[in-house]
Every structure is written in structure tokens, then in C-alpha cells.
Amino acid sequence: MNDRYEIPAKPKNIEKAVRHIDELLSARNISSKKKTKSILIAEETIARLIEHADESTDLVIESHGIFGNINLSLKSRGSSFDIDDIENHLLFEGDPSEDGTENDVIHRFVDRVFWDRLSIRNHKGINHAQIKVTKSAYSGILYTLLALVAGILIGLMLKFFASEDISSGASEYVFTPVFTIFMNALKMMIGPLVFCSIASSIADFTDIKALGKIAIKVGVAYVITSVVAIAVGYLVSFLLPAGNPDLIQAVGDQASGLVSAGETTDTSILGTIVGIVPSDIISPFMNNNMLQLIFLAVVLGVTGASLHNRIPGIRNVLSVMNKACSAIVAYIVKFVPVMVICSMAKMMLSIDIEDLKDQFAWVPINYLGCIIMLCFYAILLIVVGRINPLTFFKKFSPAMLTAFSMNSSSAALPTSLAMCDKLGISRRISSFSIPLGATINMDGSCITLMISTFFMAGIYGVSIDGSLLTSLLISVMALSLGCPGIPGAGMVCMTILFPQFGVPADAVALVMGVYPLIGMIQTATNVTGDAVVTTIIARQEKLLDLEKYNSK
């Protein structure tokens, strides 16, 4: 799709240019809401382009798009300007009230409508403005799926058709370094993103009591879904018992590192609560301790909300910090397909195909449990949220696929927040509940821990019933809340859980080879559970834009 329209850059032609854009977007079947926003942005931008245009120059309007993405490009030769000029013009044209509330409204209006849709730059004396009319979620899915398939094929080809030196060299000098660089860059920004996002959203609340009500609802909902996940894990294990005692012979010493990590990790509920308050302000950012970061963000956000009348600029400072972090993360996330290729190729090279035969029985059982949980989420959306679950899964699927391919809830956090925006969920709730859920709501992990315990019990001939079953349920719930934020955290939790039921901690070696396959669906389930709870609470609190939710 391409379109080009030229008109002299004169004030009298603003109306003609806007009319052309209106006709263009109508021909593309753009929804009325998106068209109205795009025309509003275009009208203000065209006015500034003409204001800064050179003598006898033209205004050029182009439209282009691919995979459902539609953008407008506006350009003319002239002196440079930026989005601040548009905001200042709106403020100048307005008639602000004495207390400045109207200016504050205009600031927020510009932020909401212009910020993520308009970009302006001046290159070699030509002003270029680009307006994002629509952004298809399917383009992101397509790129990620292609990367997923490419990574698997590259890994398998190197594994079966290349020499060991070449395959190990590719893993050590290409796949692992690229993957590590990407994850380090993401980890570097996840902490600041969570901190600024939560602090900014809380500072926007004028009613702290309303915030407390939402926080309690989110917490209770997370506990309920975790209990259901534990029940699903038990049900699947009961219906499909697995665990070949012959596998005991396969236990080696390769799990020693995980056992050591489990022995030194405090995952008790009391330890988790005590650890929420940091001893200093630096270590939470250095260690990416999400609970401590959330605590600090809540303190700063509540303080910002309470001081807004005396220090009006505090909200703007937090908003700018949040936008800066979001912009940096957005640039990093653009490289997700490259990271997915490296991640999948590395995983294919590390899996020992010969040893997967008996161990693989554990994999489909976990997948079935997670699929059942996803069905439960759909029921929740229908019964409690009173909204169409197909719309939810259709719009949130890019985040699910990102979590699946990256095998990390934290790494999928930026995509989850972006998809919540597309669902019409107010950032006032998503920027709080999504990071919190990524920290304490581990529905997929609960399912895996339950199934893994019964799987190992079958191998070692341990009978789990009565008081042992009650103890298992409580232990899994505690581990889901206090799961350590380290790589392979699920397997570390297993080394903590197994000895409580007569299974040696090093038995985790039996599933280490196939755990990456489980981690993918487990992480996707974790992330989806967070978004489902967020959507339902937003619906109840009237913080869900239903028109945006139901839009195509």
C-alpha cells in the first residue's frame, strides 16, 4: 500500500491536506476512533510543518504499510521543530484556569494522544513527521514465529550435519554471547522500567484509597489463580500418573549447582515478607529484586500523589522518567527475533536427544496442565470479566509468544505492558499489577512443581497422600510466592521441594535436559495469568476501554 500527495505548504491548504488524509484513512477502513486521533495529530503537525516551511516549498503526504501496519509520512523543507512546539502551541491557544489545571489536562492529552504515535525529525533541512495510524499485532507474531522456526532449524542442522567443533563453536562464540548481551541489556532496564512505571502510575492516582482497593483485589485474585493452578497440577498428575523407576539410574552429579542454590535460597513466606524492605536503595536495582523495587516505587508514587498540590512538577518528572525507560526498552525489544534465533539454536544444541525418551513423558503432562489453565482463564474472562476471551487471546498473543520463546517473565514484561495497552487497560493498573504478577503470581510454575513432584514420587516409589499432600499444597504455594529471581528458578524450587517428600534433591537431573521445553509453556502461562487478572480487575474498576478492547 503506497500513496503520495503533494500540495504547496501554505496555511490556506491545511484544510485540503487534512481532507485528503481523512479520505485516505476512510479508504483503508480505519476505525473511527483511530482515524479521529490520526487526523487530530495530522492537523496539528501539518500546521507546524507549514509554519516552519521555507518559501515556495511543498508539503508531501505519503502513506505506507506492511503486515497490517499503516503509517502516514508528512514532510516539507524548513526549519526544525519538535513535539514540544505542538504542545506549547496548544497551551498558548488555550485559556488556562488560574490553578493551572487546564494546562495539566493539555499536557496529559498530548502525552496520551501524541507521544507514542508521532515522531518528528529534521534531516538535511527537511522536516519529517511520521504518524502511526495502526500497528498490527500479527507482524510481531510473524517475525517471532519465523525466528522461532529458524532457530530450531539452525540448531538441528548444526547438531546433526556439522562437526562437533563447529556446533560447539557456534554455540560458544555466536549464540551464547548474543543471547547474553541481549538479556543483560534487558535486565539492565527491567528494574528501572518497573520502578518508574509503577511510581508514575501511582502518582497519577488522586485517591490513594482507590489504589489500595485495587491492590487488594489484584493480590486476592493472584492467590485464587495460584490455588486453581495447584489444583490443576494435582488433577493432571492423578489422571496421568507417570514416572519410570528405571530412571533412577540416570541420576548423576550434574544437578549439584542447582542443589547448592536451593540450599542457600530462602523461599519461605516469612522470608519473602521480610525481604520486601531493602536495607539500601541501590541493591534492589543491582540485583533486579522485583519485590523491593515495587516497594520503593509504591513509596515514591504515594509520596508523589500526596505532594502533587505542593510540588506540581513531581508527576511530570516521574512521567518523563517512565517514558525514557520505555523508549530504551522499546529499542532493545526490536532485537527480540535475533535473540529468539540464538536462544532456540542454543537449546537445540544442548538437548541430548537420546536421553529424552523416558524423560519426555513429563513434558506433555505439563503442557496439558498449562493448556487446562489457559482454558480456565477463558472461563474467568467470560464469567467474571463478562468479555470475549477470544479477543483477549488474539490481542495478547504476541506477549504469550514472546514469553514462550524467551522463557523469561521479566524479559516478556515490556511486551506484556504494550499488549495491555492494546487491550485498552489503563496504565494506572497494568503498570502496577503486571510487574507484581511477574514477581509473585506463578500459575505455570505451580502446575510444573505439582506435576514434577508426583513424577518423581512415581520414580522413587513415594506415596503422597493425607498429611503429605496437604504439606505439598502449602509448600508449592509458598514457593510460588518466594520463587528466587535467578536463571533456572523453577529447577531450584524443585531441589527445595523434593527432599520434603523423600525424593533426593539431585533427582532434578532427570528433567534438566527437557526443562527448557517446559519453561517455555510455563512462562507463557505465568504471563497470561497476570494479564487475565489485570484485565478483569480493570473491567471491574472501569479502567478498561471496552471500545478499544473490542476493536480490530
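See above for the structure.
Residues numbered from 1 in each chain as written. Predicted model: local features only at pLDDT ≥ 70, side-chain atom pairs only at ≥ 80, totals over all residues. Heavy atoms only, no water.

Trainee: Which parts of the structure should I look at to understand the pairing of strand 5 (residues 126-134)?
Mentor: Consecutive side chains of a regular strand alternate in pointing toward one face of the sheet and then the other. As defined by bridge partners, strand 3 (residues 69-77) adjoins strand 5 across eight bridges and the pair is classed as antiparallel. When the sheet's bridge partners are listed, N71 is paired in strand 5 with K132. Alignment of strand 4 (residues 118-123) against strand 5, held across six bridges, turns out to be antiparallel. Bridging from a neighbouring strand, N122 pairs with N127 of strand 5. Here strand 4 hands over to strand 5 after two residues, with K124 in that stretch at a positive phi of 55°. (Pairing = 2+ DSSP bridges. Helix = DSSP H or I, 4+ residues; strand = E, 2+ residues; numbered from the N terminus.)

Trainee: Could you clarify how one ought to interpret empty space enclosed by the protein in this entry?
Mentor: Rolled over the atoms, a probe as big as a water molecule pinpoints where empty space is left. Under the counting rule described, the total for this entry stands at one cavity of 30 Å³ or more. Its boundaries defined by the atoms lining it, the largest cavity holds a volume of some 30 Å³. As for the largest cavity, its lining consists of S409, L413, S416, I434, A438, V527 and D530. Mapped by element, the contributors of at least two residues to the lining of the largest cavity are helix 17 (413-422), helix 18 (427-440) and helix 23 (515-540). Split by residue class, the lining of the largest cavity holds four nonpolar, two polar and one charged. (1 Å grid on protein atoms, 1.4 Å probe; cavity = no way out; pocket = protein on both sides within 12 Å on 5 of 7 lines; lining within 4 Å. Points joined across faces, edges and corners; volume = space filled by probe spheres on them. Nonpolar A, V, L, I, M, F, W, Y, C, P; charged D, E, K, R; others polar.)

Trainee: What should I look at first to understand the packing of helix 18 against helix 23 in this one?
Mentor: Pairs of packed helices are described in terms of their axes, by the angle between the two and the distance that separates them. Interaxial distance between helix 18 and helix 23 falls to 9 Å at its minimum, and their mutual angle equals 150°. With respect to each other, helix 18 and helix 23 are oriented roughly antiparallel. The element helix 18 and its partner helix 23 pack so that their crossing is right-handed. Together, I429, S430, S433, I434, G437 and A438 of helix 18 and D530, A531, T534, I537 and A538 of helix 23 make up the contact between the two elements. Classifying every residue of the contact of helix 18 with helix 23 by side-chain character gives six nonpolar, four polar and one charged. (Axes fitted to C-alpha atoms, helices over the stretch in contact; angles between N-to-C directions. Parallel < 35°, antiparallel > 145°, perpendicular 65-115°, else oblique. Left-handed = near helix turned anticlockwise from the far one by under 90°. Contact = heavy atoms within 4.5 Å.)

Trainee: Explanation requested: the packing of aromatic side chains in the structure shown.
Mentor: The relation between two aromatic rings is expressed through the spacing of the ring centres and the mutual angle of the planes. Tallied over the entire structure, the rule returns six aromatic pairs. A centroid spacing of 5.2 Å and a plane angle of 70° characterise the contact between F195 and F285, whose relative ring orientation is edge-to-face. You can see F195 sitting in helix 6 (residues 164-203) and its partner F285 sitting in helix 10 (residues 283-287), a full 90 residues away along the chain. Their ring planes at 50° and their centres at 6.5 Å tell us that F376 and Y377 sit as a pair that is tilted. Taking relative accessible area as the criterion, Y377 reaches 0% and is therefore assigned buried. Here the aromatic cluster, defined as three or more aromatic residues joined through ring pairs, consists of Y234, F238 and F454. Note that K346 overlies the ring of F179, its terminal NZ or CZ placed 4.7 Å from the centroid. (Phe/Tyr/Trp six-rings, centres within 6.5 Å; stacked < 30°, edge-to-face > 60°. Buried < 20%, exposed > 50% of the residue type's maximum accessible area, 1.4 Å probe, protein only. Lys NZ or Arg CZ within 6 Å of the ring centre and 35° of its normal.)

Trainee: How should the nonpolar core be read in this particular structure?
Mentor: One broad trend across soluble globular proteins is that nonpolar side chains are buried collectively. Among the nonpolar cores identified, the biggest contains 124 residues, and W362, F392, F396, M456 and L472 are the most heavily contacted of them. The element best represented in this core is helix 6, accounting for 16 residues. Not counting the four nearest positions on each side in its chain, W362 is found in contact with T448, I451, S452, F455, M494, V511, V514, Y515 and I518. Counting residues in each nonpolar core, the second largest holds 28 residues, with I7, A17, L72 and V133 among its members. (Core = buried A, V, L, I, M, F, W, Y, C linked by side-chain atoms within 4.5 Å.)

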